[in-house]
Amino acid sequence: MNVIRADEMGMCFGVRDALQIAAEVEDPTEVTIHGELVHNRIINERLADAGFRQSDEQHRDCRAETPLVLITAHGVSDAERERLRSAGKQLIDTTCPLVRRVHDAAAELRAEGRHVIVIGKKGHVEVRGIVDDLDAYDVVAGVEDVRVYPSNRLGVLSQTTMPSDVVESVTREIHQQNRGADIRFVDTVCHPTKRRQAAMLTLLDRVDAVVVVGGANSNNTRRLVELCRQHDKPAFHVQSADDLRPEWFDAYENVGLTAGTSTLDETIDQVHRTLLRLGHCPEETGRMK
Ligand code: SF4
């Protein structure tokens, strides 16, 4: 069995920078991470071992016992930032600049008097951070959620990790259902996400199935899995090499490998090595790097 790696995959600069900032914290026991720093179990366990506390991802509040609160790469609203400061917390901010760009775009659309439509996953922390500063908005996960909106000025943007084709089809549907409205679209899918999705699509022509490495609750990892399946390729989502099952690969000669933006390089390499072992393939023919 051959294992072919996607040309672009794995950890993005936003996650690397956030981890670097966390690594430079002098005393982790003084810091509560406001939700999951990244959606990756292995990384979060290491942060906990280092002494960091962590607020529950779905119920982040301002009652952290530590004096310092670390804002994750997914960002928070200005309102949330203010709530934390009012509670006396000092903030360590690891918000990705590309998430900030979405917040700025949303503020601009609102300032133009537009009803803001966010294409993204309802309840996702990044989406919550974007909409929490808006008075009127809609979150749309797919074309089925689109409706006729109560404004003839609309502003459309998306969560950074949405697949571009979903963003395009939802935007088209918004236009169709809101004919005559003045609609401004801002493309806020982040470049690392676009490049990983494009690299995986290129890979699909050369493989029989794909292994996608990433956290179980990582949105961009799950999107890579969905994208594979939409193109009729079997996809196996694993968090680590331990999740691989030999019987999955009995029928395949060429297996692709990709990973979400919060996956450690070492985890990808472990999965790669295990796949080569399962396929009785010497490492040098499996292009380990
Ligand atoms: S996925 Fe994109 S927006 Fe999110 S942290 Fe990485 S680079 Fe930033």
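Residues numbered from 1 in each chain as written. Predicted model: local features only at pLDDT ≥ 70, side-chain atom pairs only at ≥ 80, totals over all residues. Heavy atoms only, no water.

A. Geometry of unusual backbone geometry. Even without glycine at this site, aspartate 232 takes up a positive phi of about 60 degrees. Checked against the element boundaries, aspartate 232 lands in the loop between α8 (219-230) and β11 (235-238). (Helix = DSSP H or I, 4+ residues; strand = E, 2+ residues; numbered from the N terminus.)

B. Main features of the site of the ligand. All residues in the neighbourhood of the ligand are listed as Cys12, Phe13, Gly14, Cys96, Leu98, Val99, Thr160, Thr161, Cys190, Pro192 and Thr261. Among the cavities detected, the one that contains the ligand is the largest cavity. Counting only elements with at least two residues in the shell around the ligand, the list comes to α1 (13-23) and α4 (97-111). Classifying every residue of the shell around the ligand by side-chain character gives 7 nonpolar, 4 polar and no charged. (Near = heavy atom within 4 Å. 1 Å grid on protein atoms, 1.4 Å probe; cavity = no way out; pocket = protein on both sides within 12 Å on 5 of 7 lines; lining within 4 Å. Sits in = over half its atoms within 2 Å of the grid points. Nonpolar A, V, L, I, M, F, W, Y, C, P; charged D, E, K, R; others polar.)

C. How the structure looks around the UniProt feature "active site" (unreviewed entry) in the chain. As recorded in UniProt, the sites labelled "active site" (unreviewed entry) are Glu126. In this fold, glutamate 126 is placed in helix α5 (residues 125-131). (UniProt positions renumbered as here; feature names shortened; annotations may be inferred.)

D. Highlighting the pattern of salt bridges. In this structure the tally under the stated criterion is 19 salt bridges. A salt bridge links glutamate 266 to arginine 46, with the nearest nitrogen and oxygen atoms 2.5 Å apart. Of this pair, glutamate 266 sits in helix α9 (residues 265-278) while arginine 46 sits in helix α2 (residues 41-50), and the two are 220 residues apart along the sequence. Take glutamate 266: its relative accessible area is 36%, and that puts it in the partly exposed class. On the basis of relative accessibility, which here comes to 42%, the residue arginine 46 falls in the partly exposed class. For arginine 184, the salt bridge is made with glutamate 108, and the minimal N-O distance between the two is 3.2 Å. Of this pair, arginine 184 sits in strand β9 (residues 182-185) while glutamate 108 sits in helix α4, and the two are 76 residues apart along the sequence. Overall, the relative accessible area of 28% leaves arginine 184 in the partly exposed class. On the basis of relative accessible area, glutamate 108 is assigned to the partly exposed category, the value being 41%. (Salt bridge = Lys/Arg side-chain N within 4 Å of Asp/Glu carboxyl O. Buried < 20%, exposed > 50% of the residue type's maximum accessible area, 1.4 Å probe, protein only.)

E. Here's a closer look at the pairing of strand β12 (residues 254-259). Judged by how many residues are buried, β12 sits mostly within the fold: 6 of 6 residues are covered. Residues Asn254, Gly256 and Thr258 line one face of β12 and the alternating positions Val255, Leu257 and Ala259 line the opposite face, and both faces are buried. As judged from the 4 bridges shared by strand β1 (residues 2-5) and β12, these two strands associate in the parallel manner. Bridging from a neighbouring strand, arginine 5 pairs with leucine 257 of β12. Where strand β10 (residues 209-213) and β12 come together, 5 bridges link them in parallel fashion. Its bridge partner lying in β12, valine 211 is registered against leucine 257. (Pairing = 2+ DSSP bridges.)

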